[in-house]
Number of protein chains: 4
Amino acid sequence: MRKRFHTIALIGKYQSAEVRALLLKLAHLLRERNLTPLLDTDTARNIGHTHLLSTDLVQIGQQADLAIIVGGDGTMLNIARQLSGSNVPLLGINQGRLGFLTDISAKQTDKVVNAILDGEYDIERRFLLDVTIKRGRHKLYHGCALNDVTLNRGSSGRLIEYEIEVDGHYVYCQRSDGVVVATPTGSTAYALSAGGPILHPSLSAVAIVPICPHTLTDRPIVINSAAHIRILLNSGDGAVVHVDGQIHLDVVDGDCLFIHRSRHMVTFLHPKGTNHYDTLREKLHWGQKL
Amino acid sequence: MRKRFHTIALIGKYQSAEVRALLLKLAHLLRERNLTPLLDTDTARNIGHTHLLSTDLVQIGQQADLAIIVGGDGTMLNIARQLSGSNVPLLGINQGRLGFLTDISAKQTDKVVNAILDGEYDIERRFLLDVTIKRGRHKLYHGCALNDVTLNRGSSGRLIEYEIEVDGHYVYCQRSDGVVVATPTGSTAYALSAGGPILHPSLSAVAIVPICPHTLTDRPIVINSAAHIRILLNSGDGAVVHVDGQIHLDVVDGDCLFIHRSRHMVTFLHPKGTNHYDTLREKLHWGQKL
Amino acid sequence: MRKRFHTIALIGKYQSAEVRALLLKLAHLLRERNLTPLLDTDTARNIGHTHLLSTDLVQIGQQADLAIIVGGDGTMLNIARQLSGSNVPLLGINQGRLGFLTDISAKQTDKVVNAILDGEYDIERRFLLDVTIKRGRHKLYHGCALNDVTLNRGSSGRLIEYEIEVDGHYVYCQRSDGVVVATPTGSTAYALSAGGPILHPSLSAVAIVPICPHTLTDRPIVINSAAHIRILLNSGDGAVVHVDGQIHLDVVDGDCLFIHRSRHMVTFLHPKGTNHYDTLREKLHWGQKL
Amino acid sequence: MRKRFHTIALIGKYQSAEVRALLLKLAHLLRERNLTPLLDTDTARNIGHTHLLSTDLVQIGQQADLAIIVGGDGTMLNIARQLSGSNVPLLGINQGRLGFLTDISAKQTDKVVNAILDGEYDIERRFLLDVTIKRGRHKLYHGCALNDVTLNRGSSGRLIEYEIEVDGHYVYCQRSDGVVVATPTGSTAYALSAGGPILHPSLSAVAIVPICPHTLTDRPIVINSAAHIRILLNSGDGAVVHVDGQIHLDVVDGDCLFIHRSRHMVTFLHPKGTNHYDTLREKLHWGQKL
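Residues numbered from 1 in each chain as written. Chains lettered and ligands numbered in written order. Predicted model: local features only at pLDDT ≥ 70, side-chain atom pairs only at ≥ 80, totals over all residues. Heavy atoms only, no water.

## What about the interface of chain C and chain A?
Each partner contributes to the interface: chain C provides 22 residues, whereas chain A provides 22 residues. Taken together, both faces of the contact between chain C and chain A bury some 1,500 Å²; the carbon and sulfur share is 58%. Taken together, the connections running from chain C to chain A amount to zero salt bridges. There are six residue pairs in polar contact (both at pLDDT 80 or more) connecting chain C and chain A. Of all elements in the fold, only α6 (190-193) and β17 (240-243) of chain C reach the threshold of two or more residues within the side of chain C that touches chain A. Top element by residues in the side of chain C that touches chain A is α6 of chain C. It accounts for three residues. Of the residues that constitute the side of chain C that touches chain A, the class distribution is 10 nonpolar, 10 polar and two charged. (Contact = heavy atoms within 4.5 Å. Buried area = accessible area lost by both parts, 1.4 Å probe. Salt bridge = Lys/Arg side-chain N within 4 Å of Asp/Glu carboxyl O. Polar contact = N/O pair within 3.5 Å; in protein donor to acceptor, adjacent residues only side chain to side chain. Helix = DSSP H or I, 4+ residues; strand = E, 2+ residues; numbered from the N terminus. Nonpolar A, V, L, I, M, F, W, Y, C, P; charged D, E, K, R; others polar.)

## A few points about the packing of helix α1 (residues 17-32) of chain A against helix α5 (residues 109-117) of chain A
Residues and elements named next belong to chain A. Close contact between α1 and α5 brings their axes to 11 Å; oriented N to C, the two are set at 40°. Here α1 lies oblique to α5, going by the angle between them. For the element pair α1 and α5, the recorded crossing hand is right-handed. Touching Leu22, Lys25, Leu26, Leu29 and Leu30 of α1 are Thr109, Asp110, Val113, Asn114 and Leu117, all from α5. Taken together, the residues that form the contact of α1 with α5 break down as six nonpolar, two polar and two charged. (Axes fitted to C-alpha atoms, helices over the stretch in contact; angles between N-to-C directions. Parallel < 35°, antiparallel > 145°, perpendicular 65-115°, else oblique. Left-handed = near helix turned anticlockwise from the far one by under 90°.)

## Quick look at the sheet that holds strand β13 (residues 198-199) of chain A
Within the open sheet, the seven strands sit side by side as β13(A)-β15(B)-β14(B)-β12(B)-β9(B)-β17(B)-β18(B). Their pairing is mixed. Edge positions in the open sheet fall to β13 of chain A together with β18 (247-250) of chain B, since each of these has one partner strand only. As defined by bridge partners, strand β14 (residues 205-211) of chain B adjoins strand β15 (residues 221-224) of chain B across four bridges and the pair is classed as antiparallel. From the neighbouring strand, alanine 207 of chain B faces β15 of chain B, where its bridge partner is valine 222 of chain B. (Pairing = 2+ DSSP bridges.)

## Overview of the packing of aromatic side chains
All told, the structure shown has eight aromatic pairs over all chains when counted by the stated rule. Centroid distance tyrosine 172 of chain C to tryptophan 286 of chain D: 4.7 Å. Interplanar angle 70°. Geometry classified as edge-to-face. Here the residue tyrosine 172 of chain C occupies a position in strand β11 (residues 169-176), and tryptophan 286 of chain D occupies one in the segment after α7 (276-283), the pair thus bridging two chains. Taking the relative accessible area as the measure of exposure, tryptophan 286 of chain D reaches 3% and is therefore buried. Here the guanidinium or amino end of lysine 134 of chain B rests over the ring plane of phenylalanine 258 of chain B, the centre of that ring lying 5.5 Å away. (Phe/Tyr/Trp six-rings, centres within 6.5 Å; stacked < 30°, edge-to-face > 60°. Buried < 20%, exposed > 50% of the residue type's maximum accessible area, 1.4 Å probe, protein only. Lys NZ or Arg CZ within 6 Å of the ring centre and 35° of its normal.)

## Quick word on the interface of chain A and chain B
Each partner contributes to the interface: chain A provides 39 residues, whereas chain B provides 39 residues. Carbon and sulfur atoms make up 57% of the area that chain A and chain B hide from each other, which totals about 3,200 Å². When the buried surface of chain A facing chain B is broken down by residue, Arg219, Tyr277 and Trp286 of chain A rank first, second and third, together holding 20% of it. At the junction of chain A with chain B, the criterion picks out zero salt bridges. Summed over the shared surface of chain A and chain B, the result is 22 residue pairs in polar contact (both at pLDDT 80 or more). Secondary structure elements with two or more residues in the side of chain A that touches chain B: β10 (160-166), β11 (169-176), β13, β15 (221-224) and α7 (276-283) of chain A.

Here it is in structure tokens:
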């Protein structure tokens, strides 16, 4: 069973001539198919005067049947988090090197978008993390992450120390540069640089990856995504929490992060036959069959 | 709902005076509770004349309500694989340093075994991998692994080359010393030395961990345990497949490994309140709360 | 040929009763041997009124024949840098777990210090790095490091980008959390956590160790300590340079680090027969002969 | 001061039409310059009838002023070891992807070889390891390695256990898949896959790199190349020693490897201006300046 698309959001983050041209081209393509393009407010401001309708992301979440994002993985992460409460599926078009989330090249826009509007697509659902930071009983932050939540020593010249509990069970007390809690989606981003494993997107799992841990046996752990993770910062002046590398929050000794699987999912549409291993092989320059 | 135990297998691998003494002590304990101890044939031979009943592992699989294994993780792995087709739960008693699977110290035998026989225990189920090795259409081997299946270059002085497919999707062609496919149970064994992540036992996942890969971006991948993995050995004279590090099979160019989750599970009994993170922390010398 | 000791500096960083007691005990021991104890100004202030002479580290560098440091590796690093222009040999006494640089336990103070004053010691010389940070032609900082110089992304949520040149040869442009340039002395400190190799102290070599590099093939490189290293920060708002993890300097895009071997050395005295491999084995919990 | 070349050995390992054509082209080029080409016996046999002189590698070591090797790094390693007792400089021409040791592409043969014969070249000297394997007092093997000496578990399904001593000092007892002792030349070969650091060729250092060690703190160590390394195999049925991945020797429990720097060096000629960092950047796909 395939969804019918009527109202389609067009979102592009940067004030560039290429993004503008591609968005207008997409708007034209949609209108030729009698579909309604809908810009988000920021995009409308960035690309200047057009006759296109525009509204904010909250409205887009309620009205759009599909959102096409023009940009890189960073733009997609940002929009995906904001639309995660809605059920709007996302499609990513990339003008540079293809990303993990923006896997359609600008050159193929017409062909791929038309095919998708014809119902020729694969659906992929990715889960998010729900993150709360508390100082005592006070909630400092509540939001969600598609890639990862990182506690990092920030500007401090010293290691930070923190304790991790999973589902109420004490895991360890660790001294390190920090720790990444990554979804499968985030497992190919920062967590990979920190030495974490690649998690297939179909896994209901998260990786807890220490960053330069003082204890050499502190290795990445993969746990069930249903688990509740609690990270207590014991000591770390200047420590920072990063959400998807895009939202940054200063924390102090005694602050606590509570991380668990969000009840929201993000839905991505891909061209039919898209396969995660092909993407990995290309992005990581893995060996081809000889 | 707790199981009632009547017939209890006693298994100990080595011809040692300590193992013999511990097994006889267990037999005595069982008879005092009006339970029936049942030695396996090898154990009976090893410990010499007793008045205890003995039978082979197939019969034990059919008759026993519980098997108590005295030894290290290696002994447990071996017995667990052989009893995996049955539903006999396993209990591991270790006379040396505690293992991941044999987590009851010999000193605590009386107390812990009595508690377990009283119904005070936690149940943990671990899945196995089903492994088939084929040469063309000919089946060279079929068996199961609780820890891991490793394809290794063996005595060859050269890297081996192989291709991996998952669920029919081509993953990569890799040159390396070999590759480990590990269950969560095996993730703390050889796969960890090869750079793999720790997988929580509750995860339905397996890790594919390359061993000293030539391509530095060939990192460990964690996939769903429901996946079907196919490994084709392209070239590797002298290559060997190791199952749980205990069964060894020579393979030649063109041989294929088919690995997927077994329909069997192994059931372990643990003292009430046993927690995998405590075990990890102790075995890996992770930091305690300061 | 062994040096004769007359004036001996006593240095202890913390305001603790134990440090005070140990310093007074050392002073007593020295006077019984007709040697002159000399406190540094900070130590004198910390331990309160005594009849001992005190002076600043510059004077100690000129007058002392030996400096005994009571504390951990952090205290030793700090003092060693400050005395590196002098030729005063250093001896480290540790009240807690032994360090790499403070390898005499408080319990053995009497025995070991007496033996050393009797001329029973091994001499070990360690080199330092000379570090200059420049903003255009302006010199922001000039100093030396015994362990390491680290360029780190600091509070930024993004990777930093920098270029490295060695002896005028372009090495690479890297995106990462940062990079550590470590001496053999520092190779067992932070650089080890970042994945660097252990360098034997006798090596005239430094390790360049990227921290969580985006490019997975960016591996640690070990180069000659005679090399001149230049690191240009291309982009990294909020980036920080850490010298021995103790001195912290904010840097901005375009700032340059110039690192080369200092013409100064630090001299450590050790109990006769001290061997670096024994220290490594103990500190890293390596396997003993079975 | 540059050497004058008169007699120039031409060596190519494989029976391929391309190698033959390139060797004949080189012979022609040399004769046009009134220089004497000299084939090695194996090469002469491989390429079939020609009017060129040929002799064995021992004679080449005595008579040639230069040896041009056509092939990959494997061929070069093999020839370099055999000619290491002579002072014949080596030049490597590669018909495929450039290697670390064979850094001249076949396409540039004429231009580069002429320039080198004109005296336009850089000289680089690389040291070798001297390896002796003993069983009790009996010498099983004595030879040299340009890349590495590896002790590996071979066909065994178990870890091997060995003890390492450096300069008579006990280092550790390790259980692992094996251990690589690599020169700077070998540091970019197998040792890199095993997690070792890159050593700059100008370093007088060797890396001891454990392969999948059981103890996670057993990290690569870099020591002075003047050191004498002794590796005692405690237990490892089926273990093998590999020299440069090309010579393979079965060893048994109690066998000992003695490794130290050879008194011989290998001399490579490179086109003027060749720089190791350029080679690393290309071979490892490191980031270029943006």
